[in-house]
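Here are the chains, one letter per residue:
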Amino acid sequence: MGKFKQTSFGCLGIFGVLLGLAGLLILVLSIFGMFASEQELDKKRDQYAAYEQELEEYEADSLKVARYGEILLQIDEANANGDSLLMMDLQDSLAYYAPPERRGAIGFNIAGAFLMIPAVAGVVMMVLGLVIAVVFYYLWERERKRRRIDNV
């Protein structure tokens, strides 16, 4: 048997595999982040839809809307007169007649859009690692065949 000649192809192969795995990990985490942020935005969209429904119901009740306006005027008058007891009483009534609080949101998932940047970087790293690993495999196979021929 001949003397085994070491080459640096092993480091190239390990680097390619690690680079490919790192790219895959970045890609998977980016995709996970996109889905998680989209689910969170879906919850906010559902809350906003419920808020709009409550607001429509509130605006359809003309008595509540009118009474809310009256109470605001009465609060202003009580404040001008310095009547704190009346103001406290009106504040309690105001909470009942007030329109529903705004909650939720609608819009574009900006977090998902920004997560496209690391996802693309992960794909590039993964492809680069795959190319390096394929080149390593090709060089390793060629070296192995050459050693087999030399040993015969």
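Located above this text is the structure these notes cover.
In this text the structure is predicted, and so the values were computed from the model without any measurement. (Residues numbered from 1 in each chain as written. Predicted model: local features only at pLDDT ≥ 70, side-chain atom pairs only at ≥ 80, totals over all residues. Heavy atoms only, no water.)

Visitor: Please set out helix 2 (residues 62-81) residue by residue, giving values where relevant.
Guide: Because an α-helix completes one turn every 3.6 residues, residues spaced three or four positions apart along the sequence face the same direction. Taking 1.5 Å of rise per residue, 20 residues should cover 28 Å, and helix 2 covers 29 Å from first to last C-alpha, within 8% of that figure. Of the residues making up helix 2, those classed as buried are Ile 71, Ile 75 and Ala 78. Buried residues of helix 2, viewed axially, fall in a sector of 70 degrees; they line one side. In this structure, helix 2 carries Ser 62, Leu 73, Asp 76, Glu 77 and Ala 80 as exposed residues pointing more than 90 degrees from its buried face. The inward-facing, buried residues of helix 2 contact helix 3 (84-97). Gly 82 sits one or two positions beyond helix 2 and adopts a positive phi of about 75 degrees. (Helix = DSSP H or I, 4+ residues; strand = E, 2+ residues; numbered from the N terminus. Expected span 1.5 Å × (residues − 1). Buried < 20%, exposed > 50% of the residue type's maximum accessible area, 1.4 Å probe, protein only. Arc of directions from axis to C-beta. Contact = heavy atoms within 4.5 Å.)

Visitor: Let's hear about the packing of aromatic side chains: which residues, and what values?
Guide: The full count for this structure, using the stated rule, is 4 aromatic pairs. Ring centres of Tyr 48 and Tyr 51 lie 5.9 Å apart, and the angle between their planes is 45 degrees; this geometry places the pair in the tilted category. With Tyr 48 and Tyr 51 both in helix 1 (residues 9-60), this residue pair falls 3 residues apart, about one helical turn. Comparing Tyr 48 with Tyr 51, the two get one shared label, buried. Taking the centre distance of 4.9 Å and the plane angle of 85 degrees together, the rings of Tyr 96 and Tyr 97 count as edge-to-face. Looking at Lys 64, its charged tip hangs above the ring of Tyr 96, at a distance of 4.9 Å from the centre. The positively charged end of Arg 67 is found above the aromatic ring belonging to Tyr 97, 5.9 Å away from the centroid. (Phe/Tyr/Trp six-rings, centres within 6.5 Å; stacked < 30°, edge-to-face > 60°. Lys NZ or Arg CZ within 6 Å of the ring centre and 35° of its normal.)

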